[in-house]
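Chain by chain, the residues run as shown.
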Amino acid sequence: MRLKFLLKAFFVIVLWIGFQSSIVRAQSTAILYDDWAEKFQELTSEQNFTDESLFRNLSSLDSLEVNRFLLETEKQIRSEYPNALAKFLFFKVQFMLAKNPHLDFNTILGLLNDMLLAAYESQDELLIGQTYRNFAFIMVHFQRYDFAAPYALGGVQLVEKIKPKLIQPFDYLMLGGLLFEARNYEEAIFYAKKGLTGTESKESKDHIIFNTIGQSFERLNQLDSAKSYYNLVDSICDLNGHRLWKYINLQNIGEIQFKEKNIPAAKESFRSVYKNGIDEVSEIAAKSLVWLAKIQLQENNLDSALSSLDEAEFILKNFSDRRLQTEYFLEDSYFTKLVAFEKLGLSDSSSFYFRKYLSLHDSLAHLASLADLSVVQTRIDHAEKTYNLGLLKVEKYKAEQRRNAIIVAILVFSAIGFTYFNWQKKRLQYKNKITTLEKEAKESEIKTVKNQLKSFTNQLLEKAKLLEELENELDSKNEAELHSEYLAKLNSSRILTDKDWSEFKLLFEKVYPGFFTSIKEKFPTITPAEMRISALIRLQFSAKEMADILGVSVDSAHKTRQRLRQRMELSSDTNLEEFISNF
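Below: a short report on this structure. Note that this is a predicted model, so its numbers are computed, not measured.

### Quick look at the overall build of the protein
Looking only at helices and strands, one finds 28 helices and zero strands in the protein. Residues counted as buried form 50% of the 583 residues belonging to the protein. Here the protein displays about 29400 Å² of accessible surface, and carbon together with sulfur accounts for 51% of that area.

Right, dumping it as structure tokens:
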């Protein structure tokens, strides 16, 4: 709900500026490329372009004329004014999204990357900070929090360092919400608190910030702190009549009550949210139904639980503004439903919803791993090194042009030797710098892949753990024949699948290139199972973790290790882990 508010605020501003052309479309104002290029060149590092007349004039033109204007104006700016180019490209992205909010993501991402490159070329830290914030602002529209969160954080930190008065409460509100979506809860609390104004007017957004802080404490399992902030939200909502936010906040309060086992109070909270929010915040009302179903399952009221879940699933699937939050609610609904069918002994239905839950869970887990700030920060660092490498190559090209001019002068003044020696020296310096940056870029890429490999294997362990828990729960029942088919499906779902292995192997080879080739060359008869165990040993997993990942027993994992030692003809004094780490 927080990011929905931010998105609405973004499009109200942009559409208001961009589509006022309907009022003045009859006007036909001539657009002079160099005049508008000069306006962008006059902007300071802290300014964005806000001249509404250009939006109006462009909106009055046909597509061909618009494209020509954007192309010609960019040409006027591009060569000598990287700061103006960064501002122009942000304006261009805003205008394009105002005309077509569903524009292809990769098209916009390409323009934003050009915007970042222009900012880096300017070597102006304040401009770079502002450009990071602009980048994040656009990423919110696409719900790409893996980009939005780190760039918003980087932008705020840079601008705070150079000119803190430019940071507004809205910046902290947005940053706190993005960090929450990126699951960086402690950072979310820290920055959200910076956005508090301490005012009680209707215009204040303190109730949204308190809600972000409360949810962050709840995710950290600090329930007392979460409750105190939810109570603050409730007080502000009562004072200023924020009715919808009151029921959004009541859902959070109900979840705390449920976790504290105050079931009657939780049930009353969820019913109130559903009753009062179904028309205006239907997504939250659907969430309340899922939590009611959890209570009904505890009470063994299975028919009511399934009815609640059916209605919740219908609302979420038909929600007009499907967002990442919607998918999390739907994931919770699927899991609760598979538990309900399992209690009813309907193994086919339970298996069906288990597969739906697992598919959606894996997808959301992948997005969460992308949004991990350490992974994305590495991506930013790698991008900066790449851009710096590009800058050096530009400087090298310019140096070569200067060299040619110098050679002509040398021919005139008969001083070729001395100047040529200096040029060779500079060339060697540039070559050394480029070699260093290429090495740093490669190391940064390897670090990123290691983080992705770690996230991938953690997901495999989590999946294996879930399968083991569900299998143990089914094993504990006496109805062996009823569940035999379902247990067989669970066992057949064990990982690694061929697809899992292919993805794992691809990431592994980026981190340890040549590992599988070297082992295969030295031990040609090694089996696929032994090859997988070798990779997991290289990653220093325990026997239990290897068994979970491969979907076998610990004893089987030990036996495969022993066969591997025999295959490699290792003596009892040779450490298998150390031997494999040398490949």
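### Some thoughts on the packing of aromatic side chains
For any pair of aromatic rings, geometry is given as the distance between the ring centres together with the angle between the planes. What the rule picks out here adds up to 33 aromatic pairs. Look at F105 and F147: their rings are 6.4 Å apart centre to centre, the planes differ by 45 degrees, and that puts the pair in the tilted class. Residue F105 is found in helix α7 (residues 105-122), and its partner F147 is found in helix α9 (residues 145-162); the two are separated by 42 residues along the sequence. As far as the burial class goes, F105 and F147 line up, both buried. Above the plane of the ring of W36 lies K39, whose end atom (NZ or CZ) is 5.2 Å from the centre. Sitting over the face of the ring of F516, K505 holds its NZ or CZ atom 5.3 Å from the ring centroid.

### Details of the nonpolar core
Nonpolar side chains in soluble globular proteins tend to end up buried together. Judged by nonpolar contacts, the single largest core of 123 residues is most densely connected at F40, F91, F135, I138 and M139. No other element matches the eleven residues that helix α6 (residues 82-99) contributes to this core. Excluding residues within four positions of it along the chain, F91 makes contact with F40, F49, L54, F55, L58 and L70. By size, the runner-up hydrophobic cluster in this structure holds 23 residues, among which are F515, F523, L570 and L576.

### A look at the pattern of salt bridges
Any two side chains of opposite charge can pair, given that their charged atoms come close. As enumerated under the stated definition, the model contains 24 salt bridges in all. One salt bridge in this structure joins E72 and K75, with 3.8 Å as the shortest N-O distance. With E72 and K75 both in helix α5 (residues 63-78), this residue pair falls three residues apart, about one helical turn. Look at K75 and you get exposed, because its relative accessible area is 54%. Where D310 meets K337, a salt bridge forms, and the shortest distance between an N and an O atom there is 2.5 Å. Of the two residues, D310 is situated in helix α17 (residues 302-317) and K337 in helix α18 (residues 324-344); the sequence distance between them amounts to 27 residues. For K337, a relative accessible area of 3% puts it in the buried group. The network of salt bridges with common partners includes D310, E313, K317, K337 and K356.

### Digging into helix α15 (residues 263-277)
The periodicity of an α-helix, 3.6 residues per turn, causes residues three or four places apart in sequence to face the same way. Along its 15 residues, α15 runs 21 Å from first to last C-alpha, staying within 8% of the 21 Å computed at 1.5 Å per residue. Looking only at α15, the buried set comprises I263, A266, K267, S269, F270, V273 and G277. Seen along its axis, α15 keeps its buried residues to an arc of 160 degrees; they face one direction. Of the residues in α15, the exposed ones pointing more than 90 degrees away from the buried face are P264, E268 and K275. If you follow the buried residues of α15, they end up packed against α14 (243-259) and α16 (282-298).

### Some words on the side chain of K87
Relative to the assigned elements, K87 resides in helix α6. Not counting residues within four places of it along the chain, the set of residues in contact with K87 comprises F40, L43, T44, S45, E46, Q47, N48 and L127.

### Notes on unusual backbone geometry
Backbone geometry places Q123, a non-glycine residue, at a positive phi of 60 degrees. Along the polypeptide, Q123 turns up in the loop between α7 and α8 (125-141). Judged by its relative accessible area of 68%, Q123 falls in the exposed class. Within the chain, N221 stands out as a residue other than glycine whose phi angle is a positive 65 degrees.

Basis of the calculations
Residues numbered from 1 in each chain as written. Predicted model: local features only at pLDDT ≥ 70, side-chain atom pairs only at ≥ 80, totals over all residues. Heavy atoms only, no water. Helix = DSSP H or I, 4+ residues; strand = E, 2+ residues; numbered from the N terminus. Buried < 20%, exposed > 50% of the residue type's maximum accessible area, 1.4 Å probe, protein only. Areas by Shrake-Rupley, 256 points an atom, 1.4 Å probe, with all protein chains shown as cover. Phe/Tyr/Trp six-rings, centres within 6.5 Å; stacked < 30°, edge-to-face > 60°. Lys NZ or Arg CZ within 6 Å of the ring centre and 35° of its normal. Core = buried A, V, L, I, M, F, W, Y, C linked by side-chain atoms within 4.5 Å. Contact = heavy atoms within 4.5 Å. Salt bridge = Lys/Arg side-chain N within 4 Å of Asp/Glu carboxyl O. Expected span 1.5 Å × (residues − 1). Arc of directions from axis to C-beta.

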